[in-house]
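Residue strings, one per chain:
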Amino acid sequence: MALVQEIAVPLIAVNDTTLTIVEMNFSSGQQVRKGDTVITFETSKTTYAVEAEAEGYIEYLCELNKDYEVNDIVVKIFSSVEEVKTTPTKKASINGSAAKKQVAAAKTERQWSGETVFSHKALELIEQKQLNKEVFHGYDFVGKDDVNIYLGLPIETKQVKQKGLAKAHDNQPKVIAVDTAKAAQQKLSSNKKREISYLSDVQAPGLTSTLYTAVEVDNIFVNLNQSLKTLKNSLLPIVIYETGRLLKKYPSLNGYFAGDSIAIFNDVKVGFAIDIEKGLKVLGLEQTNKLTVPEIEERILSLSNDYIDDKLKIEDLSDITFTITDLSGLDVTFFKPLVNMQNSAILGIGAIDTKLQRCTLALTFDHRVTEGKLVGEFLTELKKRIESYRPKGIVPKNVTCFKCLKDLAEDTSGIGFVKCITPQGEEAYICQSCIAGF
Amino acid sequence: MLKIQSEVNHKTIKEALRIRKVEEKFLELFSLGKLNGTVHTCVGQEFSAIAFAGQLKKKDFIFSNHRCHGHYIAFTGDVRGLLAELLGKATGTCGGIGSSQHLCHNNFYSNGIQGGIVPVAAGYALGNKLKDNGAIGVVFIGDGTLGEGALYETMNIISKWEIPLMIVCENNFYAQSTPQNVNLAGDINARAEAFGIKAFKGDTWDPSLLMSKAQEAINYVREESKPAFFLVETYRLNAHSKGDDDRDEEEVNNYKDKDFLNVFRKESPSYYQIYNDAIDVEINDFVEQIMREHETDFNDYHENNQTVSSNEWQPVESISKRQVELLNEFFKDKIANDERTVFIGEDILSPYGGAFKVAKDLSFIKPDRVFSTPISEAAISGISNGLALNGFKPFAEIMFGDFITLAFDQIVNHASKFHHMFNKKVNCPVVIRTPMGARRGYGPTHSQTLDKFLIGIDNVKTLSLNTLLDPKIVYEQVFKEEHPVLVLENKVDYGKKIAQNIPANFKCEKNADEYPVVRIKPAVSEPTLTIVAWGGMSEFVISCLESIFLETDLKPELIVPILISDLPVDLVLSSVEETGRLVIIEEGSQYGGIGGELLASLAEKSEVAFKVKRIAAHPVPIPAVKSLENIVIPDKIRIIKEIKESFI
Ligand SMILES: Cc1ncc(C[n+]2csc(CCOP(=O)(O)OP(=O)(O)O)c2C)c(N)n1
């Protein structure tokens, strides 16, 4: 009794994020043999057929001629017919993809639709750690260190590359001639150049790694919004607040690589990245670990205003010990931030997936300063702390004021909604403002 | 005292005197330190030059040797160009690059390698025969050069193929310092006769008889379209080159007395004086002008063109045909459709079609452009060089790569040098192909990969064919080349189809270079090991890629250059800068190998440190017995073991 194969929508061309199912050669519950073509996808350019890897009983989780997102699981093959649910699940594509992302929370890019090849050492480690090989679905090759990274363990392979000493600070990129007949050439702005050199410092040696975690945020703003004046529905203030405190516990994330040593900052000064037409800047909050959430909100606002008004002071921009970049406003759910110069890590906040009520935190770190296991612990602890802001007990879903259609989560009164009977005689909720007036 | 033959007309005498005066001027300039290098004068031998070089037609050609000034002046009349050449001026015949022994002007060529010019001349003459233009050629050798093997390979062929070439052997009884009786066995003309070549004889002491016999021989070669051999007895009155003369003084003086121009001077002093003075004025005027001229600028001689590899990649297409079929298709097309194509080599006539069947059916398609040769690698390559100089596109096949050493002189001292030493007046677009490589049990002299000896030959492109690129496309590019190309094929690869064995999860791409570099890398992941291999070794390494990953945990990227004479250093470097690890696997032995060259170039450019391993054949002849052959040539077990030991 086992799941023998899962077929996910493959990534065939970068631009095709959804694929159409154009052929389903069996129906759920039927027996298939190894090598049978069981499903065919169509991209904008080509079709792609997938075969059964072993004998078994097929279950389709999809419908013909419908679009599904890359990585959606659309077929399962089981070793016995009993395991097949006779009514195939007909999921909309978006749900499927979100479900898949959840599984992939801690993963790097996976674009391979073929079989995965495991090195001998990787297999040993997988066995030792009793991992399911399926977690590496989407990899072309899995070596020992891919497993280590998955487990948040340090990389073992000897790093052999070393920047030549004389050139250590000379990250001048190679100048490549541009064929102006084929491409228009734009000069790099000095802002952009600075940005490149800032990011090259840590990224160029190629020794960074990124870990991801998914934070459950359902109803979190019911409580949070009460302590926020302006930045309602933003996680940034509490993420800064909690990070500020955690950095004292994880000093290696509050430092940087200094060539033949590691520097650890005495103070915690978390910076947040901002880029509104004035170039990418990181603005720091002095003594972050000693600020309250309202103070943090206040600092964020005043720094942002100064940024817009060009009134930033040198102290606002310097000696930042850790950076947070918040792309949640952009509806970006998943990204890999890049570590700034003289930092050892950066935290990225993705947009909240409103269906799943989840948000992904991504932490890129400099492997020369710290390692996966520790960073994994930091990230887990941060996740737990943020999740602790959610209201305890069950918060009813879809609690909406029937008059102004405001969500409970958006309510700032601190009192909550009142259960009521509508003029139509139906049970509903009404908010404080609608019942009592402003 | 000798009586002057009345028939020798004064024009001829003046011409001979002119040659002598020019050469005496050279000796004078040399003693004044105005002349760089060396001169071999033909003082005493001038009438040989006039009899042959002077009696040819303009469309005919001459190949000459180190003692070539007389031949040059008699054939081209270009005294000024010769003077400027030896004085090292830009207006010299070859811009001062070639000087005394390396001249080229209007179908006149000379080179300082004894014997090597003979097959080249034969190839040039063969070209004339194919063009059916009625032109013939003369190649001059000294009696010392009767010791060179290339001469006999060529005599055999010109006789067999009825090539209209006359070999003129100027017998001055010495080779540099060595008297003939020390070095020469047997009879000279009997050598030619043994090959069925008609032999003539004359001497420079009776110029008029020599002139008429020379004309007779020239007519014979032209009319019969057959080769001839002409032995001219003569004596050089000066040293071999400048002052190196150990000959008996009395002997030399005897010949001086016998010398025709000296006799003429004694017998007709007033004529002599008039001619002498006129020539002096002419030469001195030239020298005076030339001395004020400038020398060739280095930038006109050599431009340092650094090649940059393309970084645009596209997938490699696989072809379900064997490499040898595709090669054969290419040559069939060219031999049928391009008049310039000549295919030459051993055992290449159909139905046999060459030891590896690349030439299958070619001789059925165009019998007059396919030449199956005796076992004569020097002549095959030399004749090909001559054909190339004469506007043809010869493809020479050396049956086994190991035998290419016998063609080495033609590659290094002729094909490689012609273009530059003749100051870019000529191109030599010869192509020499040969199969190398082991894994077929042919043993020590039929299995070795000698590629390391064949890179670094100036102006010669060396390709190491692989199974990832369509050989027809590669050879189309080769066909367009204006300079020599060596193509090293591989015996095992002949039977392989194109790009059909790419292991799963790897992608195979080529760049946009004229001779594309191929890379095979993980489909998605970033590689952690760079491997460079070429030729037959690349196909083998491809079959090891998956095992390398499984057993070493390193994700390999294989880079396969094809143009091994100009390695894609920048591409390898950018890969290595990512992976930090480089393995170079070569089928030849390691010391002084191609891997060493690649590493040196990488080291010059790289700004990061990386780890390196070379894996190569053990430095012993390739054994025939399979178990040992597999050990000597890097095999899978050794490759994986060495990678583990070096990087893990
Ligand atoms: C292949 C080769 N070997 C040796 C030499 C050096 N070398 C130049 S001239 C010469 C003697 C040639 O004698 P011969 O052929 O009789 O011509 P001669 O000098 O008598 O005119 C020698 C040995 C050379 N140039 N080429």
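Residues numbered from 1 in each chain as written. Chains lettered and ligands numbered in written order. Predicted model: local features only at pLDDT ≥ 70, side-chain atom pairs only at ≥ 80, totals over all residues. Heavy atoms only, no water.

**Comments concerning the overall build of chain B**
Helix and strand counts for chain B stand at 23 helices and 25 strands. The burial tally for chain B puts 60% of its 648 residues in the buried class. Approximately 24600 Å² of chain B is accessible, and the part contributed by carbon and sulfur atoms is 49%. (Helix = DSSP H or I, 4+ residues; strand = E, 2+ residues; numbered from the N terminus. Buried < 20%, exposed > 50% of the residue type's maximum accessible area, 1.4 Å probe, protein only. Areas by Shrake-Rupley, 256 points an atom, 1.4 Å probe, with all protein chains shown as cover.)

**Some details on the overall build of chain A**
Across its full length, chain A holds ten helices and 21 strands. For chain A, with 438 residues in total, the buried portion stands at 41%. If you take every contact in chain A between residues at least 6 apart in sequence, the share linking residues at least 24 apart comes to 61%. Put simply, chain A shows about 23800 Å² of open surface, and 51% of that area lies on carbon and sulfur atoms. (Contact = heavy atoms within 4.5 Å.)

**What to know about the sheet that holds strand 17 (residues 322-326) of chain A**
All names here are of chain A. Strands sit in the order 12-19-18-17-15-16 across an open sheet of six strands; the sheet is mixed. Unpaired on one side and paired on the other, strand 12 (208-216) and strand 16 (281-285) mark the two borders of the sheet. Mean inter-strand twist for the sheet, computed between neighbouring axes without regard to direction, equals 25 degrees. Pairing between strand 18 (residues 345-353) and strand 19 (residues 358-366): seven bridges, direction antiparallel. Bridge pairing links Asp 353 to Arg 358 in strand 19. Most of the contacts of helix 6 (residues 236-249) go to strand 17, to which it runs at about 160 degrees, and overall it touches strand 15 (270-274), strand 16, strand 17 and strand 18. Along the sheet, helix 7 (residues 293-308) contacts strand 15 and strand 16; its crossing angle with strand 16, the most-contacted strand, is approximately 140 degrees. (Pairing = 2+ DSSP bridges. Axes fitted to C-alpha atoms, helices over the stretch in contact; angles between N-to-C directions.)

**Quick notes on the site of the ligand**
Residue and element names in this part refer to chain B. Lining the immediate surroundings of the ligand are 15 residues, of which His 66, Arg 67, Gly 112, Gly 144 and Thr 145 lie closest. Within the contact set of the ligand, an oxygen atom lies 2.7 Å away from a side-chain nitrogen or oxygen of Arg 67. About the coverage of the ligand: the protein hides 73% of its 570 Å² of free accessible area. For the shell around the ligand, the per-class residue count stands at three nonpolar, nine polar and three charged. (Near = heavy atom within 4 Å. Polar contact = N/O pair within 3.5 Å; in protein donor to acceptor, adjacent residues only side chain to side chain. Nonpolar A, V, L, I, M, F, W, Y, C, P; charged D, E, K, R; others polar.)

**Notes on the sheet that holds strand 14 (residues 393-397) of chain B**
Residue and element names in this part refer to chain B. The six strands lie next to each other as 13-12-14-15-17-16, forming an open sheet whose pairing is parallel. In this open sheet, the two strands that pair with only one neighbour each are strand 13 (370-373) and strand 16 (461-464). Direction aside, neighbouring strands of the sheet carry axes that sit 20 degrees apart on average. Judged from the four bridges that link them, strand 16 and strand 17 (residues 485-490) form a sheet pairing that is parallel. The residue bridging Leu 463 from the neighbouring strand is Val 487, located in strand 17. Packing against the sheet, helix 14 (residues 323-337) makes contact with strand 12 (341-346), strand 13, strand 14, strand 15 (431-436) and strand 17, and its axis sits at approximately 130 degrees to strand 12.

**Here we look at a nonpolar patch on the surface**
All names here are of chain B. Taken together, the side chains of Val 625, Leu 628 and Ile 631 present a nonpolar region at the surface, about 260 Å² in accessible area. Relative to the elements of secondary structure, Ile 631 occurs in helix 22 (residues 626-632). Note on Ile 631: relative accessible area 47%, which makes it partly exposed. (Patch = residues over 30% accessible without salt bridge, like charges linked within 9 Å, V, L, I, M, F, W, Y side chains within 5 Å. Salt bridge = Lys/Arg side-chain N within 4 Å of Asp/Glu carboxyl O.)

**What about the interface of chain B and chain A?**
Across the boundary between the two partners, chain B contributes 26 residues, which contact 25 residues of chain A. At the surface where chain B touches chain A, the tally comes to one salt bridge. Residue Lys555(B) is joined to Asp146(A) by a salt bridge in which the shortest nitrogen-to-oxygen separation is 2.6 Å. For the side of chain B that touches chain A, the secondary structure elements donating two or more residues are helix 19 (536-552), helix 20 (569-579) and strand 24 (608-609) of chain B. Residues of the side of chain B that touches chain A, tallied by class, amount to 13 nonpolar, four polar and nine charged.

**Concerning the nonpolar core**
Within the largest apolar cluster, 151 residues are counted, with the highest numbers of intra-cluster contacts made by Phe63(B), Phe229(B), Tyr475(B) and Val478(B). Every residue in contact with Val478(B), bar those within four places of it in the chain, is listed here: Lys393(B), Phe395(B), Val431(B), Leu463(B), Val485(B), Val487(B) and Tyr515(B). (Core = buried A, V, L, I, M, F, W, Y, C linked by side-chain atoms within 4.5 Å.)

**Observations regarding the confidence of the model for chain B**
With 99% of its residues at a pLDDT of at least 70, chain B reaches an overall mean of 96. Two summary scores accompany this predicted model of the complex, namely pTM at 0.69 and ipTM at 0.81. (pLDDT = per-residue confidence, 0-100.)

**Describing the confidence of the model for chain A**
Residues and elements named next belong to chain A. In the predicted model, chain A carries a mean pLDDT of 81, and 83% of its residues have values of at least 70. Note on residues 87-108: pLDDT is under 50 here. Beyond four places in sequence and across chains, it has 34 contacts. This stretch, residues 163-171, has a pLDDT under 50; its non-local contacts, to residues over four places away or in other chains, come to eight contacts.

**A word on the packing of helix 1 (residues 10-31) of chain B against helix 3 (residues 69-76) of chain B**
Residues and elements named next belong to chain B. Taken N-terminus to C-terminus, the directions of helix 1 and helix 3 make an angle of 135 degrees; their axes are 10 Å apart at the nearest point. By the criterion of interaxial angle, the relationship of helix 1 to helix 3 is oblique. Crossing of helix 1 against helix 3: the hand is right-handed. Across the interface between the two elements, Glu 15, Arg 18, Ile 19, Val 22, Glu 23 and Phe 26 from helix 1 touch His 69, Gly 70, Ile 73 and Ala 74 from helix 3. For the contact of helix 1 with helix 3, the residue count by class is five nonpolar, two polar and three charged. (Parallel < 35°, antiparallel > 145°, perpendicular 65-115°, else oblique. Left-handed = near helix turned anticlockwise from the far one by under 90°.)

**Focus on the packing of aromatic side chains**
All names here are of chain B. Considering all chains together, one arrives at 42 aromatic pairs over all chains under this definition. Between Phe 200 and Phe 230 the ring centres are 5.8 Å apart and the planes differ by 10 degrees, which places this aromatic pair in the stacked class. Residue Phe 200 is located in strand 8 (residues 198-203), and its partner Phe 230 is located in strand 9 (residues 228-233); the two are separated by 30 residues in the primary sequence. For the pair Phe 200 and Phe 230, a shared accessibility class is recorded, and that class is buried. Centroid distance Phe 395 to Phe 479: 6.0 Å. Interplanar angle 20 degrees. Geometry classified as stacked. Here Phe 395, found in strand 14, pairs with Phe 479, found in helix 18 (residues 471-480); they are 84 residues apart in sequence, far enough to count as distant. We note that Phe 395, like Phe 479, is buried. By the ring-pair criterion, three or more aromatic residues cluster together here, those being Phe 61, Phe 63, Tyr 109, Tyr 124, Phe 418 and Phe 422. Stacked on the ring of Tyr 220, the Lys or Arg Lys 198 has its end atom at 4.9 Å from the ring centre. Between the NZ or CZ atom of Arg 247 and the centre of the ring of Tyr 174, over which it lies, the distance is 5.5 Å. (Phe/Tyr/Trp six-rings, centres within 6.5 Å; stacked < 30°, edge-to-face > 60°. Lys NZ or Arg CZ within 6 Å of the ring centre and 35° of its normal.)

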